[in-house]
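# Working through the structure, step by step
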Amino acid sequence: MTSDATHDTGAAGAGSTLHVGPEQAGERLDKALAMLAGEISRARLQQVIKEGGVTLNGVVAGDGKRKVSEGDVIALVMPAARPPDPVGQDIPLQVVFEDEHLIVIDKPAGLVVHPAGGHEDGTLVNALIAHCGESLSGIGGVRRPGIVHRLDKDTSGLLVVAKHDRAHQKLAKQFADHGRTGPLQRAYLAIVWGAPRRPHGTIQTQIERSNKNREKMMVVGEERGREAITHYTVIERYPPLLKAGEETEALASLVECRLETGRTHQIRVHMSHLGHPLLGDALYGSGFATKAVRLPEAARDALTALGRQALHAAVLGFEHPASGEELLFESEPPPEFAQLQDTLAAL
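The sections below set out a description of the structure shown in this document. (Residues numbered from 1 in each chain as written. Predicted model: local features only at pLDDT ≥ 70, side-chain atom pairs only at ≥ 80, totals over all residues. Heavy atoms only, no water.)

Inspection of every chain in the model, using the stated rule, returns 2 aromatic pairs. On the numbers, 5.7 Å between centres and 45° between planes, the contact of Phe 97 with Phe 329 is tilted. Of the two residues, Phe 97 sits in strand β5 (residues 95-98) while Phe 329 sits in strand β17 (residues 326-330), which places them 232 residues apart along the sequence. Judged by centre distance (6.0 Å) and plane angle (35°), the ring pair of Phe 318 and Phe 329 falls under tilted. Taken as a pair, Phe 318 in strand β16 (residues 311-319) and Phe 329 in strand β17 lie far apart in primary sequence, 11 residues in all. Judged by its relative accessible area of 0%, Phe 318 is buried. Grouping aromatic residues by their ring pairs yields a cluster made of Phe 97, Phe 318 and Phe 329. (Phe/Tyr/Trp six-rings, centres within 6.5 Å; stacked < 30°, edge-to-face > 60°. Helix = DSSP H or I, 4+ residues; strand = E, 2+ residues; numbered from the N terminus. Buried < 20%, exposed > 50% of the residue type's maximum accessible area, 1.4 Å probe, protein only.)

Okay, structure coming up:
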């Protein structure tokens, strides 16, 4: 393979001249092109073929199904990224790291990540479109940020977003691997009711969406759902395990949860399944609401001020999609989370 120009960053006119080798001979044009063109997705290349951005031996190839032969010359010209469908909005962002490939945000609680029903604007995507501007060079041909993973609206903490297709593809592969063979790390701080009997352990279940409440996920049998694995460690008990030489029942505890998979609401579902739902979690911890009356007044007030599930994405580590450098970011919990910790620690 030879290439005399840059690969896809979404810039108008960016292109490559590629030569079909024996490894690609006999393959469909779209598959051969995906093999030759680096980290550009096959779906994106199929779109470019349909738009007339690919020639085969000097002739525009409008069909990705045709077979290629060794020695064929493919010219690929990437079109400019289309304007985004969501509009950019001037929403303040806490930027932890940013370069031409990606941006790491410390997301506040209450900010929805992506436009959806009921949240058509005012989201992180709207904020990123305005903040990043022309540095967004296109995900799937559209000038928009590449969402690699998400946080619930009412979960605070670290989130990485890609600025172009190559970064998006490489980061997505890391998250799909869940850190099993690479440096990906995701750790969350959760304040839960009670305390797990074991100071650390692994919760491994199948999870799927509830048929009764479509906003809720649930643990199901082995033959259903998708595998979900969470590793937890109890960091602090409130009150401590020993007080005046006697064992005490924990009203709550601070737990670190590390994800090996990334299912919707995974930590909230798993801690509830373990019998220790998150403080402030109305969806998965409604049966524990009366426990709040056992808290001292200062702790009750702090829980009311938090106004959400006590969950914070505190650690995010991954391999940079361009340099290969291992990046690690840490985020302190926001003031209202820290205040709840402090009042509980005083028990």
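Attention shifts here to helix α4 (residues 165-177). An ideal rise of 1.5 Å per residue puts 18 Å on 13 residues; α4 measures up with 18 Å between its terminal C-alpha atoms. Turning to α4, its buried residues number three or more, namely Asp 165, Ala 167, His 168, Leu 171, Gln 174 and Phe 175. In this structure, the buried residues of α4 make contact with α2 (42-50), β6 (102-107), β7 (146-147), β8 (156-162), β9 (185-193) and β16. (Expected span 1.5 Å × (residues − 1). Contact = heavy atoms within 4.5 Å.)

What follows is about the pattern of salt bridges. Scanning all chains against the criterion turns up 10 salt bridges. Arg 258 serves as the salt-bridge partner of Glu 256, at 3.2 Å between the closest nitrogen and oxygen. (Salt bridge = Lys/Arg side-chain N within 4 Å of Asp/Glu carboxyl O.)

What follows concerns unusual backbone geometry. Each neighbour pair has its own omega, and for Tyr 238 with Pro 239 the value is -10°, a cis peptide bond. Within the fold, Pro 239 resides in the loop between β12 (226-238) and β13 (242-243). A positive phi angle is found at Asn 57, which is not glycine, with a value near 55°. Even without glycine at this site, His 265 takes up a positive phi of about 60°.

Before going further, it helps to spend a moment on the pairing of β9. Counted residue by residue, β9 has 8 buried out of 9 residues, so it is predominantly covered. Pairing analysis gives 6 bridges linking β9 to β16, with the strands arranged antiparallel. By the bridge assignment, Tyr 188 is partnered in β16 with Ala 313. Pairing of β9 with strand β15 (residues 252-259) involves 7 bridges; the strand directions are antiparallel. Paired with Tyr 188 across the strands is Cys 257, a residue of β15. (Pairing = 2+ DSSP bridges.)

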